[in-house]
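# Architecture and fold: a report
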Amino acid sequence: MSEQEVNSYRLTSLEEPSDEMLSYIMHEAATEANKKYDIALERFFDEIQEMCEQYGDKK
């Protein structure tokens, strides 16, 4: 399946996606979600570390 075929498909279409196309779309969505999760998790722990450092300086 070409990238052009996937990019031309719209989920709002009346036409059902093929199993191959649906699998590709879901894989891409999962990959993007995992990237965003990793970034958010890293940011979360960076902020906790920063708060711990600030709190430790106040004692």
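You'll find the structure just up there.
Here's what I pulled together on the structure shown here.

Take the overall build of the protein chain next. Helix and strand content of the protein chain: two helices and zero strands. Burial statistics for the protein chain: of 59 residues in total, 7% are counted as buried. Accessible surface, the protein chain as shown: approximately 5600 Å² in total, 53% of it carbon and sulfur.

Where nonpolar side chains cluster on the molecular surface, the patch consists of Tyr-37, Leu-41, Phe-44 and Phe-45 and spans about 420 Å² of accessible area. Structurally, Phe-44 can be placed in helix H2 (residues 19-58).

What follows deals with a negative patch on the surface. The grouping of Asp-38, Glu-42, Asp-46, Glu-47, Glu-50 and Glu-53 at the surface amounts to a negative patch. Considering the arrangement of structural elements, one finds Asp-46 in helix H2. For Asp-46, a relative accessible area of 47% translates into the label partly exposed.

Moving on to the packing of aromatic side chains. Scanning the model with the defined rule gives one aromatic pair in all. Look at Phe-44 and Phe-45: their rings are 5.1 Å apart centre to centre, the planes differ by 75°, and that puts the pair in the edge-to-face class.

Analysis parameters
Residues numbered from 1 in each chain as written. Predicted model: local features only at pLDDT ≥ 70, side-chain atom pairs only at ≥ 80, totals over all residues. Heavy atoms only, no water. Helix = DSSP H or I, 4+ residues; strand = E, 2+ residues; numbered from the N terminus. Buried < 20%, exposed > 50% of the residue type's maximum accessible area, 1.4 Å probe, protein only. Areas by Shrake-Rupley, 256 points an atom, 1.4 Å probe, with all protein chains shown as cover. Patch = residues over 30% accessible without salt bridge, like charges linked within 9 Å, V, L, I, M, F, W, Y side chains within 5 Å. Salt bridge = Lys/Arg side-chain N within 4 Å of Asp/Glu carboxyl O. Lys, Arg positive; Asp, Glu negative; His and termini not counted. Charge placed at Lys NZ, Arg CZ, Asp CG, Glu CD. Phe/Tyr/Trp six-rings, centres within 6.5 Å; stacked < 30°, edge-to-face > 60°.

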